[in-house]
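# Results of the structural survey
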Amino acid sequence: MKCLFIFSFFLMTVTSFGQMITAPAPLTIEANVSNTNAAGFVVNWANNSDNLLVSISLDYVNGATLSFPTTTGLTRNYGYLSWTNVSSIVFYGTRDNINNALAAMTISMGATKTAVRINVEVSQYDASYVYNPTNKHFYKFISGSITYTNAKAGASAQASFKGKTPYLATITSQSENDFINNNISNNNIWVAMSDAANEGRWVYDAGPEANTNFWNTSVSGITNSTYTAYASTGITVSGQYANWCSGEPNNSDGSRNGEDCVVAKSGGATCWNDLADGNSGSVSGYLVEISADYPSGSDYTGVYASYVVHNNDMAFSLSSTNSLNSTTISNIGNAFGGLQINDGHTVTINTATSINTNKLIMSGTGKIVFSDATSKWKPGTSSATNTITHSPSTNDTPLYWSASDVWNNDAFAYWSGTYGHYTPWLNSIQSWSAAAASQGHSLTLIYPVPVYITGIVTQGRQNMAQWVTQVNVEVSLDNNNWTTIFTNANLNTDQTTLVNTLFPTVQYAKYVRVTPTNWYGHPSMRLGLLIKQ
Ligand SMILES: [Ca+2]
Ligand SMILES: [Ca+2]
Ligand SMILES: [Ca+2]
């Protein structure tokens, strides 16, 4: 199997704290390969013996899994049942034991060609909270026979955790409901949903979703003086979530003026029931939630993330059911990423036929036969179709941008309030400007791993009448050996229009260097890359 996956491991961290987690170098892994060593993540933060909570998860999973052959001294969080072949896991232990586990971590690939990303997140461990890696929230169960009003007050009165104020938990998605069912062992737990304000109109009653309406009764004639049971029929508000048990909500507690509050895990099931505020005898306690908003914008220390990213080697696969003998494949044009000839198959390129692709992958004994001199393999032609535009507004871990020079020596993204001459991303507040209006100044945009690049997007300077009218463009895999793509290619004619300039053929590269040769006003531009998905 020669279906390659390309990964790059990037570090996303809070720069002021340095590299809290080191991430490994890029990896290439073949499809369906099991247990490739994914070592290289190292937690540098905290003391050797500190207890830390680690959350590891995969994005764009498509059959990929992680396994942890070394787990000495580590404990999986409740609800995480295995150390092997998992798409996410949360565990805790000392920093040294965690690093031993990370060093032995392996990844197994699925059959699907896709991007795969490993997220590694670390926090101080607090035994009273469980962590949900899906929504990045923490939860704590507090036991006791308690009224809803006192549970809500009790949640808000919890000590702040990781800089956040706790609140009585809200269940706003199937995923969150699943997490609570899988990670909290107690049943009949108060959560923050209420129809006390308007009978039959249920709203979230705490947290960031407070007062959001998620479910309404469809029974007519309901008022706040309705203290008797009524039918449970109703409608979940569009875009919201509800998970009532069969026959609920029914407002059935006549002796307590109906039921206006909610317990999750009703009777040990995974669904909800409405209960009366004062029905403390029917509950085992309440659930506290923290929405931690991390890692971006975090206002506490201790949680960081590393990412492993993606494969852009999206080969076109011929169906294994095709009979490939003497097949004419000129109708498969522009298979940018590559064309796979399956194991045991032969593709024949007939007379006067071209195959347009940037890469041929012979799987197993798959082969290609060119009939005569008029049978050709040509590079795929460029197109903006199915591309993503790469034009990041950051330039720190990984490095995306470099410039030969910058007007006024401005630092990247620096903005004085009036000017910032190294703001080179598309639609930025200004642009990159060369240090002088002369030949030989260049701007380089980097993708973290080699990818198929179909062209560039350029724009003039946002806040002044300056743009680049002609450029030389070169590409490189190593930032050392350069291939010229354009000499004096025409670019922009105004400040604002995004101009796509497609390469004549798709380029497998990592670096794109753009050197203005003619300009209006001054060599100033904003730049992006068109990258084949
Ligand atoms: Ca919630
Ligand atoms: Ca009610
Ligand atoms: Ca009920």
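A quick note: this is a predicted structure, and the numbers were derived from the prediction, not measured.

## Thoughts on the overall build of the protein chain
Each helix and strand counted, the protein chain has three helices and 37 strands in total. The 533 residues of the protein chain split such that 41% are buried. Of the contacts made within the protein chain by residues no fewer than 6 positions apart, 65% connect residues no fewer than 24 positions apart.

## Points about the nonpolar core
Ranked by internal contacts, the top residues of the largest apolar core, which has 69 residues, are Val54, Leu168, Trp190 and Val191. Formed by 35 residues, the second largest nonpolar core is a distinct cluster that contains Trp407, Ile446, Met525 and Leu529.

## Some details on unusual backbone geometry
Note that the residue after Glu248, namely Pro249, is joined by a cis bond; omega there is 0 degrees. Within the element layout of this structure, Pro249 appears in the loop between β18 (234-236) and β19 (261-264). A positive phi angle is found at Asn35, which is not glycine, with a value near 55 degrees. Locating Asn35 in the fold gives a position in the loop between β3 (27-30) and β4 (36-37). A positive phi angle, close to 55 degrees, is found at Asn409, a residue other than glycine.

## Quick word on helix α1 (residues 95-104)
All of the buried residues in α1 are Arg95, Asn97, Ile98, Ala101 and Leu102. Seen from one end, α1 has its buried residues packed into an arc of 160 degrees, which puts them on one side.

Rules used in this analysis
Residues numbered from 1 in each chain as written. Chains lettered and ligands numbered in written order. Predicted model: local features only at pLDDT ≥ 70, side-chain atom pairs only at ≥ 80, totals over all residues. Helix = DSSP H or I, 4+ residues; strand = E, 2+ residues; numbered from the N terminus. Buried ≥ 20, exposed ≤ 12 C-beta atoms within 10 Å, placed from the backbone. Contact = placed C-beta atoms within 7 Å. Core = buried A, V, L, I, M, F, W, Y, C linked by C-beta atoms within 7 Å. Arc of directions from axis to C-beta.

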